[in-house]
Amino acid sequence: MSQNVPYKTYLTEDELPTHYYNVRADMKVGHAPILHPGTLQPVTVADMEPIFCTELAKQELNTEDRFIEIPEQVRAFYRMYRPSPLVRAYHLEKALGTPAKLYYKYEGGNTSGSHKLNSAIAQAYYAKEQGLTGLTTETGAGQWGSALSMACVYFDLELEVYMVRVSSEQKPYRKVLMETYGAQVIASPSDTTSIGRTMLENPENQGGSLGTAISEAVEVAVTSEGKRYVLGSVLNQVLLHQSIIGIEAKKALEKLDEYPDMVIGCAGGGSNLGGLMSAFMEDKLAGRTAPHFIAVEPASCPSMTRGRFAYDFCDTGQVTPLAKMYTLGHAFMPSPSHAGGLRFHGMSPILSQLFHDGFIDEARAVDQVSVFQAAEIFARAEGTLPAPESSHAIRAAIDEALKCKETGEQKTILFGLSGNGYFDLAAYQQYNEGTLTDRVPTDEDLERGLATIPSLPGIQ
Ligand SMILES: *Cc1c(COP(=O)(O)O)cnc(C)c1O
């Protein structure tokens, strides 16, 4: 195999980014304001302070500052696992017989196993700076809870994690990992909150959803002294912190004299894709380049491909603010048969707006079995066992590479390998045994969820 670029490109520690990139400063059309659920007025920092850390609330509303300095203590933590490698997928290219150049940015090289640690450590830092004693959160598949456990113990903060019940049953070792890092893990819906007790009255809700777990964690935060709620995806602040992925990726590609024709990421709440895109979107918004961005979502939870661009609550319990985003309705319950953590009913308002305005070129829904086929091809070729979520991006990258094989085009394709799949062996087992299925919602199923999108007279 001839290699004119190395298999892995690492930046040096000195090249670790010093600033996050805030794409909102450059967006042509900002996303519609986040609305207070009671007054339906745009939320202010003061509105958010009972729920969020003050500095994070400010970041959430910041449309001005293009670059925001990464605190030195956060950079010190990043140095334990960043800069993360940019890998040229030579073995995968060979396995596919494609002329395309495939690169991936690997975010699974830390104990929590995903990119989520990038935001967890920043959020824990701001909480500590504010003098808080603890945080509450939800976790779907467990990656965010694991990441936040690592971050909280580092800054000596207490942590309560509401874990979606189906995931806690599918992934018992995630709980062990979180507890090892000192967190308290509660299966959601639980009887520890009033929204949890309400949800438990209906047997259909037993498996839980991210929306319900969010409601529970928020309820605990606002009713406890010295605690705030933090979230691992969807929010602007999370995309801000995750911009480190794209900034590093662009710098590493520059070293190779490369620039992507295509950037592909899986999209649950949008944070790893938003992060990976960041520095390239900066170029695109400035009119310098025009990479083709693809968001890949599961066919079982298709917010961008089959949802509606509308104001909706971010949680089932309707306690969080309303965001204008692609949504399936806050009461939408994805099928429990889905193995990945891409189960949120909505999508980052930033990504939603960029997609609506055509800056994200394409959203694609892929079914679970084809995702695991792609995961298997990748694992066997490249060595790393990918997270099922990341494998959605791999599916699209492989499909694009195979198109290049047909056309002979030598496209440069960058995709996000947002995490590893070491805690997803139960899903791999099902796939290996041929029992993994997918339940794609019918139009009627979706209609039930979409019907729960609130109608807000006078508000578009
Ligand atoms: C949480 C998670 C995702 C989905 O969340 P985004 O906010 O859309 O990135 C994707 N990949 C991995 C590995 C995750 O842990």
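Residues numbered from 1 in each chain as written. Predicted model: local features only at pLDDT ≥ 70, side-chain atom pairs only at ≥ 80, totals over all residues. Heavy atoms only, no water.

### A closer look at helix α6 (residues 143–154)
Then, in step 1: In a regular helix each residue adds 1.5 Å, so 12 residues correspond to 16 Å; α6 covers 17 Å between its end C-alpha atoms and thus fits that length.
Then, in step 2: Here α6 lies mainly inside the structure; 10 of its 12 residues are buried.
Then, in step 3: Next to the buried residues of α6 lie α5 (117–129), β6 (134–139), β7 (158–164), α8 (172–180) and α16 (388–407).
Then, in step 4: At the exit of α6 stands D156, carrying a positive phi of roughly 55 degrees. (Helix = DSSP H or I, 4+ residues; strand = E, 2+ residues; numbered from the N terminus. Expected span 1.5 Å × (residues − 1). Buried < 20%, exposed > 50% of the residue type's maximum accessible area, 1.4 Å probe, protein only. Contact = heavy atoms within 4.5 Å.)

### What about the domain arrangement of the protein?
Then, in step 1: Splitting the protein by domain gives domain 1 (8–15 + 81–113 + 243–450) and domain 2 (19–69 + 114–229).
Then, in step 2: The C-alpha centroid of domain 2 is placed 22 Å from the C-alpha centroid of domain 1.
Then, in step 3: Contacts between domain 1 and domain 2 engage 49 residues on the former and 47 residues on the latter.
Then, in step 4: Both faces considered, domain 1 and domain 2 share a buried interface measuring about 4,000 Å² in area, 65% of it formed by carbon and sulfur atoms.
Then, in step 5: In terms of surface lost to domain 2, no three residues of domain 1 exceed S112, L285 and F423, which account for 16% of the buried area on that side.
Then, in step 6: Residues D424 and K171 are paired through a salt bridge, measuring 2.6 Å at the closest nitrogen-oxygen approach.
Then, in step 7: The interface formed by domain 1 and domain 2 holds 14 residue pairs in polar contact (both at pLDDT 80 or more) in total.
Then, in step 8: For the side of domain 1 that touches domain 2, the secondary structure elements donating two or more residues are α11 (236–255), α12 (271–285), β12 (308–313), β13 (322–327) and α14 (349–356).
Then, in step 9: At six residues, the largest contribution of residues to the side of domain 1 that touches domain 2 is made by α12.
Then, in step 10: By residue class, the composition of the side of domain 1 that touches domain 2 is 22 nonpolar, 18 polar and nine charged. (Domains from an automatic or database assignment. Buried area = accessible area lost by both parts, 1.4 Å probe. Salt bridge = Lys/Arg side-chain N within 4 Å of Asp/Glu carboxyl O. Polar contact = N/O pair within 3.5 Å; in protein donor to acceptor, adjacent residues only side chain to side chain. Nonpolar A, V, L, I, M, F, W, Y, C, P; charged D, E, K, R; others polar.)

### A look at the site of the ligand
Then, in step 1: The environment of the ligand is formed by 18 residues, the closest being K116, S233, G268, N272 and S418.
Then, in step 2: Between an oxygen atom of the ligand and a side-chain N or O atom of S233, the distance comes to 2.5 Å.
Then, in step 3: The separation between a nitrogen atom of the ligand and a polar side-chain atom of S418 is 2.7 Å.
Then, in step 4: Considering the ligand on its own, with 380 Å² of exposed area, one finds that the protein chains cover 97% of that surface. (Near = heavy atom within 4 Å. Areas by Shrake-Rupley, 256 points an atom, 1.4 Å probe, with all protein chains shown as cover.)

### Considerations on the state of the cysteines
Then, in step 1: Applying the stated criterion across every chain, the model contains zero disulfides.
Then, in step 2: Free cysteine: C53, not disulfide-bonded; nearest cysteine sulfur from C152 at 9.5 Å.
Then, in step 3: The exposure class of C53 is buried, given its relative accessible area of 1%.
Then, in step 4: Among the cysteines around C301, which has no disulfide bond, C266 carries the closest sulfur, lying 13 Å off. (Disulfide = S-S within 2.5 Å.)

### Details of the pattern of salt bridges
Then, in step 1: Inspection of the entire model under this criterion finds 26 salt bridges.
Then, in step 2: With a shortest N-O distance of 3.9 Å, R79 and E13 are connected by a salt bridge. A residue pair is termed long-range when its members are at least 10 positions apart, and R79 in the loop between α3 (72–78) and β4 (86–88) and E13 in the loop between β1 (8–9) and β2 (19–21) qualify at 66 residues.
Then, in step 3: The partly exposed category is assigned to R79, whose relative accessible area is 28%.

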